[in-house]
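# Descriptive analysis of the structure
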Amino acid sequence: MVRRSARRLFKVALLPVFALTLVAAMWAAVTVQIGLERQASHADAVAQSQALARVLAEHVNYILRQSDHATQLFKLRYEASGGSWRLAGFGRRGGLLDSVLPARLDLPMALLDRNGMPVDTANGYADASQGEEAFFRAIAASDADLALFSTPVLDLKSLRWQIRVARRLNNQAGQFDGAIVILIDPYLFVDDYDRLDLADNGAVILTSTKSALAAGRAGERLFSSASLIFDSPRGADASSDELQPRVPLDDVARIYSRSDMPRYGLAAVVGVESSVALAGFERHRRLYLGIAAVVSLLILAVAAILMKQSMQLRASMRAAQRAQATLRAAAEGSLDGVLILRAWPGGKAPVEDFIFDEVNDKAAAMLGRERAQLLGQKAFTLLPRFRLTGFLDRYVQAYTEGKPIEEEVELRIEGDAPRWIHHQIVPLQDGVAVTSRDITARKLADIEIRNNRNFLQSLIAHLPLLICVKSVRAKSYGAMMVWNKAAESVTGYSADDVIGHTDREAFPPGFVLCNADQDRAMLADPKVVDLPEQPFELPDGSQRYLHTIAVPLLGDKGKTEFILCIAEDITSRREQEQTLRASEAHLTAVTNASPLGLVRTDVRGSCTYVNKRFETITGLTREQSLGTGWLAAFVEDQSEYMPAVFAHQRQHEEPFVRITRCRHTNGKLIWAATKIAAIRINGRIEGFVGTIDDITTLREAEMALRESEARLRTIADTLPTMVAYIDAGQVYRFQNRAYELEFGRGRGQVLGRSILETIGEARFKSLEPYILRALAGETLTFEEHDDQDGGERTLEVTYIPQSGDEGVAGFHVMRQDITSQKHEKKRLLKLAQVDALTGLANRAGFMLTLAASMQQSVEEGRLMALMYMDIDHFKPVNDTYGHQVGDALLKAFSARLVQTLRASDTIARLGGDEFTIIMEKLARVEDASNLADKIVKAMQLPFDLGEVTVSVSVSIGLAFFRDGEIDPDTLIREADRLLYQAKQAGRNTFRMAA
């Protein structure tokens, strides 16, 4: 009796105890998660403050290096002038100081003699002897030609201090002759420094590592201090990069980090406001606590309802157990569902139904009824839903014809998930025997395999990277197996001309993707080969560059059977980098993101595929990753990762996103952004596709620019391109995250709606011709201009038709913002046609303008002229005063030319002291000759170049053109010939064609 009572108590208490345990476990998990997220958010804030401190330190380093260079320039000029050089010439606008440091900074400067007395000061430098100060004695005692950096306090009451840069000066005998001193106010670096994106209460501080001096800005308040000391925080979770002030600056909590400048004895300290840095964590914490409270109430409510129903269920279960204990004969030994059906009515009358004579438990379960409920009942009267499946007709056919039937059919019944059934119908004397087996899993596996194949083919076909596969098997050596659309676009060779042919047949000798030596080397030593830059020539003769990765594809025996080439056209990026370097720009070229690691799992989270990038990121081979092995890369949440994915995907359609720590097999820890999206077939989750991206460098260098938690929703969401799918009825069926952000509408506002409803009638009319062409099966690319947000943008739009069983089922839309590329192209084209020294057109710009002007002259029948001139006696000026004076003369000469000529004339500097002028739409020859004479007289006036005044003249050759077969080169040679005649005539004149 005691045992029975204990068992009853156990059964009654099991559900409430489980519910309470589940609630407690959930709250424990929420508490741990909140703690982990707070640690991660705090670490991110420390990394952000350290990155900002490094930016400030780089700015300070640059100014101090330039000040060091400024003292070096002053020393060179001072010693070259025998000690007569003074600060006025050094600090004037456009002088030596302005070439390295902007003169507008008005830095206090002093020239000290050998006794430390100021002999010249500028910009408010204190006029007092400094001969007894330590820095001056150190400079006087040392022969080293190095700048000395120190931090003197100028005012003990305000604690104001400055950075002092001093350098030794020598006389002509090499002996000590004094020093040049420059003072730099530290507020220059911390007051309103706009490269640091801080909140209103952020702190920017510059401190001396040799003392406790500090100057900074906290919020909008500037301060100086002689006792500001930072310590490393204590505690096991404290970061080694974080700092804490011993005495708080104010009542604002901040997270500090620093970047040292050991050469100058300084350190840059930046503090980000804690409430701003941890705002995202606080939102998550409130969300977690709210969800946990709601879920707790739901669990307790469900437990109460289930406890009430369990008593009723136990009574019915006891009756079912007694019924199931009987009649387990031969039918139960089968793995299939077995039915013995008797035709009704019997005899020769037409069969209207079948009666259950025998049913095993497997068949009863497939029919969704208890065995006892089926026996003796009319099958299709009791189960009318099955009449629509066609089973009744098949049973009657087998019974009347006396022939067995075996087939696989898809069973679709309203209210139930689709199933695949393999059944056999065997005729009996008075009915039929039916065996059925549920083969849904095998069928879905077949569907998944087809989906995988279509997925890979579509991925390869539409990737913006060149993808090709070449066979290196003995029987098909060199045969091209894969050649995607990007390969056609980049190389100019179509897939029809490449696939099925060997590389030597399809491509000319020396083609970039046809390298026999590289193929043999990969056969001997299979490994990934990365070729950063390879030139190749297109069929039209133009040259481009590829960044190519060659990957060996191994067979079952570990031998290379195919070579996969993944290439990116880097021509434009290479040209931009070269142009930016030539223009001495301060921006570095943006590198392309590496391809993402890809993993595919079944519905239980067991890995079935990973790509090479996943192996590279984690160090796990494909064999090691299969099953649950791929989770070994995660450091903190191996066992929790997939359960979290399952929980998320059951409640949401968007991908599961998480940034986590991973450990490479070589022991290196990395930060990885992961995204897992569910594969949904007929509304059911049949597997998962995920990506992993190594973002270690990004998090360490620019944590302030992290992307949101929804980094990846599906494979389409990993692309920066806006992607959508529109069916044949012009209805949106898919859009990726980039598409949603572009239009500011979620999927619920767009999916299922037509293009006309979504974008409006005006915009639809402009796109309708392209839409109709795409639905007719044409792949097309065009540019779309958008000025809805107040600024004109250019988007490159590609429509890719999707073929179906009955023609075009719809088309894919890919939209990419190319505004910056358009603007950059225009800017670079303009820069390429402008002379950097004078601002006039250069040779390239001149040739374009001359060709266009001659063409217009022929079309309009108007007279035009070309002047070819150079500066007389320019070389003696350059040799006597130096290139700096020569450049100044060229700029002054150009300015005087502009003032002398008409606004419609085009002036160009071809190089050196050679200039040309294109004069269009002349009424008569005398207009050009009068203008040439005016230029000759204008250039006879002296040129005041600041320190010197020079006199030069100009010689001009003047040629004319109205129509005919003459080309630009011939006209230039004619003007050059006339220029030579002007030189022969004694210079300072012009000669024109007779």
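Higher on the page you've got the structure.
Residues numbered from 1 in each chain as written. Predicted model: local features only at pLDDT ≥ 70, side-chain atom pairs only at ≥ 80, totals over all residues. Heavy atoms only, no water.

### Details of the packing of helix 29 (residues 883–900) against helix 30 (residues 925–938)
Remark: helix 29 packs on helix 30, axes separated minimally by 10 Å, with the N-to-C direction vectors making an angle of 140°. In terms of orientation, helix 29 lies oblique with respect to helix 30. Read as a crossing pair, helix 29 and helix 30 show a hand that is right-handed. In contact with Arg 896, Leu 897 and Thr 900 of helix 29, helix 30 contributes Leu 931, Lys 934, Ile 935 and Ala 938. Here the contact of helix 29 with helix 30 is composed, by residue class, of 4 nonpolar, 1 polar and 2 charged. (Axes fitted to C-alpha atoms, helices over the stretch in contact; angles between N-to-C directions. Helix = DSSP H or I, 4+ residues; strand = E, 2+ residues; numbered from the N terminus. Parallel < 35°, antiparallel > 145°, perpendicular 65-115°, else oblique. Left-handed = near helix turned anticlockwise from the far one by under 90°. Contact = heavy atoms within 4.5 Å. Nonpolar A, V, L, I, M, F, W, Y, C, P; charged D, E, K, R; others polar.)

### Structural notes on the packing of helix 27 (residues 843–860) against helix 31 (residues 968–984)
Between helix 27 and helix 31, the shortest axis-to-axis distance is 10 Å and the interhelical angle comes to 105°. Compared by their axis directions, helix 27 and helix 31 come out roughly perpendicular. On the side of helix 27, the interface is formed by Phe 846, Met 847, Leu 850, Ala 851 and Met 854, while helix 31 contributes Pro 968, Asp 969, Leu 971 and Ile 972. Class assignment for the residues of the contact of helix 27 with helix 31 results in 8 nonpolar, no polar and 1 charged.

### Here we look at the pattern of salt bridges
Close approach of charged atoms allows side chains of opposite charge to pair. Following the criterion strictly, the structure yields 41 salt bridges and no others. Note that Glu 974 and Arg 977 form a salt bridge whose closest N and O atoms lie 2.6 Å from each other. In this pair, Glu 974 and Arg 977 both sit in helix 31, 3 residues apart, roughly one turn of the helix. Glu 974 sits in the partly exposed class, given a relative accessible area of 25%. In this structure Arg 977 comes out as partly exposed when scored by relative accessible area, which is 39%. (Salt bridge = Lys/Arg side-chain N within 4 Å of Asp/Glu carboxyl O. Buried < 20%, exposed > 50% of the residue type's maximum accessible area, 1.4 Å probe, protein only.)

### Quick look at the pairing of strand 30 (residues 722–727)
In terms of burial, strand 30 is a largely internal element, 6 of the 6 residues being buried. Burial of the side chains of strand 30 extends over both faces: Met 722, Ala 724 and Ile 726 are buried on one face and Val 723, Tyr 725 and Asp 727 on the other. With 6 bridges joining them, strand 30 and strand 34 (residues 807–817) adopt antiparallel strand pairing. Within strand 34, the position partnered with Ala 724 by the bridge is Val 813. The sheet contact formed by strand 30 and strand 31 (residues 732–735) spans 3 bridges and is antiparallel. When the bridges of strand 31 are listed, Tyr 725 appears paired with Phe 734. Joining the antiparallel neighbours strand 30 and strand 31 is a turn of 4 residues, in which Gln 730 adopts a positive phi near 60°. (Pairing = 2+ DSSP bridges.)

### A few points about unusual backbone geometry
Each neighbour pair has its own omega, and for Trp 344 with Pro 345 the value is -5°, a cis peptide bond. With respect to the element layout, Pro 345 can be found in the loop between strand 15 (337–344) and strand 16 (353–359). The phi dihedral of Gln 730 is positive, around 60°, even though this residue is not glycine. The residue Gln 730 is located in the loop between strand 30 and strand 31 in this model. For Gln 730, a relative accessible area of 17% gives the class buried. Despite not being glycine, Arg 987 shows a phi value in the positive range, around 65°. Along the chain, Arg 987 turns up in the loop between helix 31 and strand 41 (990–992).

### Regarding a positive patch on the surface
Taken together, Arg 3, Arg 4, Arg 7, Arg 8 and Lys 11 make up a surface patch of like positive charges. Structurally, Arg 8 is set in helix 1 (residues 2–80). For Arg 8, a relative accessible area of 52% puts it in the exposed group. (Patch = residues over 30% accessible without salt bridge, like charges linked within 9 Å, V, L, I, M, F, W, Y side chains within 5 Å. Areas by Shrake-Rupley, 256 points an atom, 1.4 Å probe, with all protein chains shown as cover. Lys, Arg positive; Asp, Glu negative; His and termini not counted. Charge placed at Lys NZ, Arg CZ, Asp CG, Glu CD.)

### Digging into the sheet that holds strand 41
Judged by pairing direction, the sheet is mixed, and its 5 strands sit side by side in the order 36-37-35-40-41 without closing on themselves. Only two strands of the sheet have a single partner each, and these edge strands are strand 36 (906–911) and strand 41. Strand-to-strand twist in this sheet, taken as the mean axis angle between neighbours without regard to direction, amounts to 20°. Pairing analysis gives 3 bridges linking strand 40 (residues 953–961) to strand 41, with the strands arranged parallel.

### Details of the pairing of strand 24 (residues 560–569)
Across 6 bridges, the pairing between strand 20 (residues 466–471) and strand 24 is antiparallel. Bridge pairing in strand 24 links Leu 466 to Ala 567. When strand 23 (residues 543–554) meets strand 24, the two strands line up antiparallel, connected through 9 bridges. Of the residues in strand 24, the one forming a bridge with Leu 554 is Thr 560. Adjacent in sequence and paired antiparallel, strand 23 and strand 24 are bridged by 5 residues, among which Gly 558 carries a positive phi angle near 75°.

### A closer look at the nonpolar core
Core analysis: the biggest nonpolar cluster contains 47 residues, and Leu 64, Phe 74 and Phe 189 have the highest contact counts within it. The leading source of residues in this core is helix 1, at 13 residues. Ignoring any residue separated from it by four or fewer positions in sequence, one finds Phe 189 in contact with Leu 56, His 59, Val 60, Ile 63, Leu 64, Ile 163, Ile 184 and Leu 206. (Core = buried A, V, L, I, M, F, W, Y, C linked by side-chain atoms within 4.5 Å.)

### Quick look at the environment of Ser 99
With respect to the helices, strands and loops of the structure, Ser 99 is situated in helix 3 (residues 96–100). A residue is classified by how much of its surface remains accessible, and Ser 99, at 51% relative accessible area, is exposed. Considering only alpha carbons, one finds Ser 99 and Ser 142, 43 residues apart in sequence, at a separation of 28 Å.

### Notes on the packing of aromatic side chains
All chains considered together, the criterion is met by 23 aromatic pairs. Ring centres of Phe 149 and Tyr 264 lie 4.6 Å apart, and the angle between their planes is 70°; this geometry places the pair in the edge-to-face category. In this pair, Phe 149 is assigned in strand 3 (residues 148–150) and Tyr 264 in the loop between strand 13 (254–261) and strand 14 (266–273), connecting sequence segments 115 residues apart. Neither Phe 149 nor Tyr 264 differs from the other in exposure class; each is buried. Arranged with centres 5.9 Å apart and planes meeting at 90°, the rings of Phe 354 and Tyr 395 form a pair that is edge-to-face. In this pair, Phe 354 sits in strand 16 while Tyr 395 sits in helix 11 (residues 391–401), placing the two residues 41 residues apart along the sequence. One exposure class covers both Phe 354 and Tyr 395, and it is buried. (Phe/Tyr/Trp six-rings, centres within 6.5 Å; stacked < 30°, edge-to-face > 60°.)

### So, the sheet that holds strand 23
Within a beta sheet, neighbouring strands are joined by backbone hydrogen bonds and run either parallel or antiparallel to one another. Read across the open sheet, the 5 strands follow the order 21-20-24-23-22; overall the sheet is antiparallel. Each having just a single partner strand, strand 21 (480–483) and strand 22 (529–537) make up the two edges of the open sheet. Put simply, the sheet's adjacent strands are angled 25° from each other on average, direction ignored.

### Things to note about the side chain of Arg 371
Relative to the helices and strands, Arg 371 resides in helix 9 (residues 371–374). Within polar-contact distance, the side chain of Arg 371 engages the side chain of Glu 358 at 2.7 Å. Of note is the side chain of Arg 371, whose polar atom sits 2.6 Å from the backbone oxygen of Val 359. (Polar contact = N/O pair within 3.5 Å; in protein donor to acceptor, adjacent residues only side chain to side chain.)

### Some words on helix 27
Here helix 27 contains 18 residues, and its C-alpha end-to-end distance of 25 Å stays within 8% of the 26 Å for a straight helix at 1.5 Å per residue. Residues of helix 27 that are buried include every one of Gly 845, Phe 846, Leu 850, Ser 853, Met 854 and Ser 857, and no others. Looking straight down helix 27, one finds that the buried residues subtend no more than 155° of arc, so they occupy a single side. Residues Leu 848 and Glu 859 are exposed on helix 27 and point more than 90 degrees away from its buried face. The secondary structure elements touched by the buried residues of helix 27 are strand 35 (863–872), strand 36, strand 37 (914–922), strand 40 and helix 31. (Expected span 1.5 Å × (residues − 1). Arc of directions from axis to C-beta.)

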